[in-house]
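Residue-level structural notes
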Amino acid sequence: MLKGSCLCGGVRYEYEGALGPIAMCHCSQCRRAQGSAYGTNSAIQAAEFRIVSGQALVKEYESRPGKKRAFCGECGSPLYSRLDSKPELLRLRIGTLETPIDIKPSYHIYASSAAEWYEFKDDLPRYAELEDSPRV
Ligand SMILES: [Zn+2]
Ligand SMILES: [Zn+2]
């Protein structure tokens, strides 16, 4: 089982399932939501994920119609996103994991939106848009 938490520790979660491929998402929304070059996200099974403490702190921001970005309302840590059209999946922000994992990022998505100051320094596939990637 994987465990994770937000920066302040108010929100704690557990996940019993397997992580999907890890994507580094350079879309402008992820860049703003993380305050960084990209979001580092893994698709997980919503049914295997549970908030074990701090559910009341979890806030959701609808960044586009039907897409919710969940974060801790106390410290601001991004936790996961979800689509109303795919309720079975969450996209976990894996920087919040506490449990070590043994998989590495698989690819970049929205590489066409990457910050001009970011330099790609790996040989991973770079998909221009989400639709080009295998993660859909
Ligand atoms: Zn927090
Ligand atoms: Zn993104």
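Each remark here, short or long, concerns the structure printed above.
Reading the values: rules and limits
Residues numbered from 1 in each chain as written. Chains lettered and ligands numbered in written order. Predicted model: local features only at pLDDT ≥ 70, side-chain atom pairs only at ≥ 80, totals over all residues. Heavy atoms only, no water. Core = buried A, V, L, I, M, F, W, Y, C linked by side-chain atoms within 4.5 Å. Buried < 20%, exposed > 50% of the residue type's maximum accessible area, 1.4 Å probe, protein only. Helix = DSSP H or I, 4+ residues; strand = E, 2+ residues; numbered from the N terminus. Contact = heavy atoms within 4.5 Å. 1 Å grid on protein atoms, 1.4 Å probe; cavity = no way out; pocket = protein on both sides within 12 Å on 5 of 7 lines; lining within 4 Å. Points joined across faces, edges and corners; volume = space filled by probe spheres on them. Nonpolar A, V, L, I, M, F, W, Y, C, P; charged D, E, K, R; others polar. Pairing = 2+ DSSP bridges. Axes fitted to C-alpha atoms, helices over the stretch in contact; angles between N-to-C directions.

**Focus on the nonpolar core**
Counting residues in hydrophobic clusters, the biggest one holds 19 residues, and the most contacted among them are Phe49, Tyr80 and Leu92. At the level of secondary structure, the elements contributing two or more residues to this core comprise strand 2 (12-15), strand 5 (49-53), strand 7 (67-72), strand 8 (78-83) and strand 9 (89-93). Setting aside its immediate chain neighbours within four residues, Phe49 contacts Tyr13, Glu14, Tyr15, Ile44, Tyr80, Leu90 and Leu92. If you look at the next biggest cluster of nonpolar residues, it comprises 8 residues, including Ala23, Cys25, Ile109 and Tyr110.

**Regarding unusual backbone geometry**
Even without a glycine there, the phi angle at Tyr110 is positive, about 50 degrees. Position of Tyr110 among the secondary structure elements: in the segment after strand 10 (105-109).

**Describing the layout of surface pockets**
Computed from the structure, the second largest pocket encloses a volume of approximately 190 Å³. If you trace the second largest pocket, you find 15 residues lining it, with Ala33, Tyr61, Arg69, Phe71 and Pro78 closest to the centre. Secondary-structure elements contributing two or more residues to the lining of the second largest pocket are helix 1 (28-34), strand 6 (58-64), strand 7 and strand 8. A per-element tally of the lining of the second largest pocket places helix 1 first, with 4 residues. Tallied by class, the residues present in the lining of the second largest pocket amount to 7 nonpolar, 5 polar and 3 charged.

**As for the sheet that holds strand 10**
The 7 strands are arranged 6-7-8-9-4-3-10 in an open sheet whose pairing can be described as mixed. The two strands at the open ends of the sheet, each matched to only one other strand, are strand 6 and strand 10. The average undirected angle you get between the axes of adjacent strands in this sheet is 30 degrees. Direction of pairing for strand 7 relative to strand 8: antiparallel, over a ladder of 5 bridges. Bridge assignment links Arg69 to a residue of strand 8, and that residue is Ser81.

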